[in-house]
Amino acid sequence: MAETSNRSFSPFVYWGQDSENIFLKVEIGTATDLDVQWTDNDLQLSCHGYGSRGKHQYQFFLQFLNPIVSKESSYKVTEKSIEFRIVKQTYHDVWPRLTVEQLKPPWLKIDFDKLVDEDDEDEIDEGLDDQVKGGYRTGKNTS
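Residues numbered from 1 in each chain as written. Predicted model: local features only at pLDDT ≥ 70, side-chain atom pairs only at ≥ 80, totals over all residues. Heavy atoms only, no water.

**Student:** Explain the overall build of the chain here, please?
**Tutor:** When helices and strands are counted, the chain shows two helices and ten strands. Across the chain, helices and strands are ordered from the amino to the carboxyl terminus as β-β-β-β-β-β-β-β-β-α-α-β. Residues counted as buried form 37% of the 143 residues belonging to the chain. Sequence separation of 24 or more characterises 62% of the internal contacts of the chain that already satisfy a separation of 6 or more. For the chain, the accessible area works out to roughly 8600 Å², and carbon and sulfur atoms hold 45% of it. (Helix = DSSP H or I, 4+ residues; strand = E, 2+ residues; numbered from the N terminus. Buried < 20%, exposed > 50% of the residue type's maximum accessible area, 1.4 Å probe, protein only. Contact = heavy atoms within 4.5 Å. Areas by Shrake-Rupley, 256 points an atom, 1.4 Å probe, with all protein chains shown as cover.)

**Student:** Can you help me understand the side chain of Gln57 in this one?
**Tutor:** Inspection of the secondary structure puts Gln57 in strand β6 (residues 54-63). Within polar-contact distance, the side chain of Gln57 engages the side chain of Ser46 at 2.5 Å. Of the polar contacts made by the side chain of Gln57, one reaches the side chain of His48; its length is 3.0 Å. Beyond its immediate stretch of four places on either side in the chain, Gln57 contacts Arg7, Ser8, Phe9, Ser46, Cys47 and His48. (Polar contact = N/O pair within 3.5 Å; in protein donor to acceptor, adjacent residues only side chain to side chain.)

**Student:** Can you walk me through the environment of Val94 in this structure?
**Tutor:** Along the chain, the position of Val94 falls in the loop between β8 (82-87) and β9 (108-110). By relative accessible area, which is 30% here, Val94 ends up partly exposed. Between the C-alpha atoms of Val94 and Asn21, which are 73 residues apart in sequence, the distance is 9.4 Å.

**Student:** Could you clarify how one ought to interpret the nonpolar core in this entry?
**Tutor:** One recurring pattern in soluble globular proteins is that nonpolar side chains are buried together. The biggest cluster of nonpolar side chains holds 25 residues, and the ones touching the most others in it are Leu24, Leu43, Phe60, Ile82, Phe84, Ile86 and Leu98. For this core, the secondary structure elements donating two or more residues are β2 (13-17), β3 (21-26), β4 (29-38), β5 (42-51), β6 and β8. Contact partners of Ile86, with chain neighbours within four places excluded, come to Glu20, Asn21, Ile22, Leu24, Trp38, Leu43, Phe64, Ile68 and Ser73. (Core = buried A, V, L, I, M, F, W, Y, C linked by side-chain atoms within 4.5 Å.)

**Student:** Any chance you could explain the packing of aromatic side chains here in plain terms?
**Tutor:** Summed over all chains, the structure comprises six aromatic pairs. Ring geometry for Trp38 versus Phe84: centroids 5.7 Å apart, planes at 65°, classification edge-to-face. In this pair, Trp38 is assigned in strand β4 and Phe84 in strand β8, connecting sequence segments 46 residues apart. Overall, the relative accessible area of 1% leaves Phe84 in the buried class. Three or more aromatic residues joined by ring pairs make a cluster, and in this case those are Trp38, Tyr75 and Phe84. For the cation-ring pair, Lys114 lies above Phe23, with the distance from its terminal atom to the ring centre recorded as 5.3 Å. (Phe/Tyr/Trp six-rings, centres within 6.5 Å; stacked < 30°, edge-to-face > 60°. Lys NZ or Arg CZ within 6 Å of the ring centre and 35° of its normal.)

**Student:** Hey, could you run me through the sheet that holds β9 in this one?
**Tutor:** Sheet strands line up and pair through hydrogen bonds in the backbone, either parallel or antiparallel. Across the sheet, five strands lie side by side as β7-β8-β3-β2-β9; this open sheet has mixed pairing. Each edge of the open sheet carries a strand with a single partner, namely β7 (74-77) and β9. Across the sheet, the axes of successive neighbouring strands diverge by a mean angle of 20°, strand direction being ignored. In terms of strand pairing, β3 meets β8 through six bridges, oriented antiparallel. (Pairing = 2+ DSSP bridges. Axes fitted to C-alpha atoms, helices over the stretch in contact; angles between N-to-C directions.)

**Student:** Please explain the environment of Leu34 as it appears in this structure.
**Tutor:** The residue Leu34 is located in strand β4 in this model. Not counting residues within four places of it along the chain, the set of residues in contact with Leu34 comprises Leu45, Ser46, Cys47, Tyr75, Val77 and Ile82.

**Student:** In this structure, what is going on with the confidence of the model for the chain? I would like to understand it.
**Tutor:** Close inspection of predicted coordinates is inappropriate in any region flagged by low pLDDT. Confidence in the prediction of the chain, expressed as mean pLDDT, is 84, and 78% of residues score 70 or more. Long-range and interchain partners of residues 123-134, a stretch whose pLDDT sits below 50, account for five contacts in this model, where long-range means more than four residues apart. (pLDDT = per-residue confidence, 0-100.)

In structure tokens, the structure reads:
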């Protein structure tokens, strides 16, 4: 039987955006002991689960490029991932990158399925908004 170590790893995190939200998909299957904490400037996640390195402790910290509305942001846990809908504080603003740091961490990837530029924004079905919001829950707001 394989043992889990005390070492923690960073999971793959995929991000996309539209004019009002940032979307994160954290590739952790069967997440347990989930701890999500965020402020209007950052997000921290820690959990046990199955990621790119097998069953381990995974964690990451993101300091956002721009402020978010943490009280309106939410997440949901699925069998294969943890998905976030993070509300931007300034609507109709496309971020050039997700984090304050110029260099992107190697575990942070672009989710082209969730990346909507301003030209595509008008073509999105209004019914999609209800789908995106469904099933999400709020995390611990530490602001």
